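Per-entry structural report
Each chain, written out:
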Amino acid sequence: MDRRTYVLNAVKLLRGKLFIMKGYLSVVWWNTSLSPPKSSKRNLASQDKKECIAVILQRLMDMDYDFICLGEVSIEDIIYIANYLNLKKTEYNYAIGAQKQDRLYFDTAILYKKNHQLIKYNNDDCQFATMGLGSRNLKIFERYEFIHSEFGSLLSFYLSHWPSQLQDNSLNTATISSRLRYEIEKDLENNKEIIMMGDYNVEPFSDEMVHHLQSSRDRDIVLKKPNIFYNPCWKFLPLNTESKVKGTYNYRNGNFHTWCVIDQILISSSFLKNQWAFDDNLTSILDIESMLSSIDRVFTNPSDHWPLSSLIHRIS
């Protein structure tokens, strides 16, 4: 089956809803902006905003994604969403990494299909990693592990939310990215299938993404050097000026450009070979307004970030 056929068979548009066909690992990353990881901004989202987020998540569930990974959420946000969607009566469950560790607020969670097995760390849904830098503590990652029900493969998800670049956080970001790479080496040595995603607050070409995390836009290099991660989000640069959504984040006060690609999904080299066939065309920025066009309500994106979607075909 050639790549064009992969694309044509990957998704079906049926009665205004998008359904993902079997044989694909399907993931979404979305910074919801419900509860930024600061004590002064936690749990302050309005009822309308939380409801809008929940309606969009319902549509993503209708689209049959395996893993819907969320940023800038609190435990209270996820409980509200679970109750609003009556999640117990659906195919989905949730894993929460939105916990306070000392003075740090972790802010991720995953809605996942119940047929996938979550591997817990002690009593936690994920593994937390922090480190000190001078008088500060830094969040390194939240690591979730699942056994995929259909393929039987062990999947490691590293979710990140790096410091904002609105202030000079270059030293913090460089430290975090280098330490994250160090931690991931353990999984690479064990030939695990790894997906990194998050709001990195830097673009794909930054030193932190390329040199510190060791990622590439060149799949041939990744296949030759399997310790390097493949970053398909380079394809959003240069951005298509004909598209309404021209990146994952719109910073209107930018000096040189307003649209940025700071939300990214990176995959280990294992997804480019053997049982997997990765097609760049199946990684996309989701246009929420278009996705919800069949709903009889007026929607604008309730977050300042747009979600990223990726489908990876399993060929055996």
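Residues numbered from 1 in each chain as written. Predicted model: local features only at pLDDT ≥ 70, side-chain atom pairs only at ≥ 80, totals over all residues. Heavy atoms only, no water.

1. Some words on the overall build of the chain
Helix and strand counts for the chain stand at seven helices and 20 strands. Expressed as a percentage of contacts within the chain between residues at least 6 apart in sequence, the contacts between residues at least 24 apart total 70%. When the accessible surface of the chain is totalled, it reaches about 14900 Å², and 48% of it is carbon and sulfur. (Helix = DSSP H or I, 4+ residues; strand = E, 2+ residues; numbered from the N terminus. Contact = heavy atoms within 4.5 Å. Areas by Shrake-Rupley, 256 points an atom, 1.4 Å probe, with all protein chains shown as cover.)

2. Here we look at the pattern of salt bridges
If charged atoms from side chains of opposite charge come close, those side chains can pair. Summed over the entire model, instances satisfying the criterion amount to 12 salt bridges. Salt-bridge contacts for E91 lead to K113; the nearest nitrogen and oxygen are separated by 4.0 Å. Of this pair, E91 sits in the loop between α3 (75-84) and β5 (92-96) while K113 sits in strand β8 (residues 108-113), and the two are 22 residues apart along the sequence. We classify K113 as buried; its relative accessible area is 9%. Here R181 makes a salt bridge to E185, at a shortest N to O gap of 3.0 Å. One end of the pair, R181, and the other, E185, are both in helix α4 (residues 170-189), four residues apart, so they sit about a helical turn from each other. You can call E185 partly exposed: its relative accessible area is 27%. Salt bridges sharing common partners tie together R143, E145, D187 and K192. (Salt bridge = Lys/Arg side-chain N within 4 Å of Asp/Glu carboxyl O. Buried < 20%, exposed > 50% of the residue type's maximum accessible area, 1.4 Å probe, protein only.)

3. What to know about unusual backbone geometry
The residue N191 is not glycine, and still its phi comes out positive at about 55°. Note that N191 resides in the loop between α4 and β13 (193-199). Judged by its relative accessible area of 68%, N191 is exposed. You will see that N274, though not glycine, has its phi angle at about 55°, which is positive. Following the sequence through the fold, N274 ends up in the loop between β18 (263-267) and β19 (276-285).

4. Concerning the pairing of β13
Most of β13 is tucked away: seven of the seven residues are buried. In β13, alternate side chains face the same way, and those of E193, I195, M197 and D199 on one face and I194, M196 and G198 on the other are all buried. In this sheet, β13 lies alongside strand β12 (residues 154-161) in parallel orientation, the contact comprising seven bridges. Bridged to S160 within β13 is G198. (Pairing = 2+ DSSP bridges.)

5. Brief notes about the environment of S149
Relative to the helices and strands, S149 resides in the loop between β11 (136-147) and β12. Judged by its relative accessible area of 36%, S149 falls in the partly exposed class. Distance in space between the C-alpha atoms of S149 and H116 is 4.9 Å, their sequence separation being 33 residues. Look past the residues within four positions of S149 in its chain and what remains in contact with it is N115 and H116.

6. Some points on the packing of aromatic side chains
Inspection of every chain in the model, using the stated rule, returns 13 aromatic pairs. Here the basic side chain of R219 rests over the ring of Y230, its NZ or CZ set 5.3 Å away from the ring centre. The ring of W276 is capped by R314, whose NZ or CZ atom sits 4.8 Å from the centre of that ring. (Phe/Tyr/Trp six-rings, centres within 6.5 Å; stacked < 30°, edge-to-face > 60°. Lys NZ or Arg CZ within 6 Å of the ring centre and 35° of its normal.)

7. A look at α4
Turn by turn, an α-helix covers 3.6 residues, leaving residues three or four places apart pointing in a common direction. Relative to the 28 Å expected for 20 residues at 1.5 Å per residue, α4 spans 29 Å between its end C-alpha atoms, a close match to the ideal helical length. Where the residues of α4 are buried, they touch β10 (127-133), β11, β12, β13, α5 (207-212) and β15 (229-230). Phi for N191, located one or two positions after α4, is positive at around 55°. (Expected span 1.5 Å × (residues − 1).)

8. Observations concerning the sheet that holds strand β3 (residues 24-31)
Spatially, six strands are ordered β5-β8-β4-β3-β20-β19 in an open sheet, and the strand pairing comes out mixed. Edge positions in the open sheet fall to β5 and β19, since each of these has one partner strand only. Adjacent strand axes in the sheet meet at a mean angle of 15°, parallel and antiparallel pairs treated alike. Where β19 and strand β20 (residues 308-314) come together, six bridges link them in antiparallel fashion. Note that in β20 the partner of I285 across the bridge is L308. (Axes fitted to C-alpha atoms, helices over the stretch in contact; angles between N-to-C directions.)

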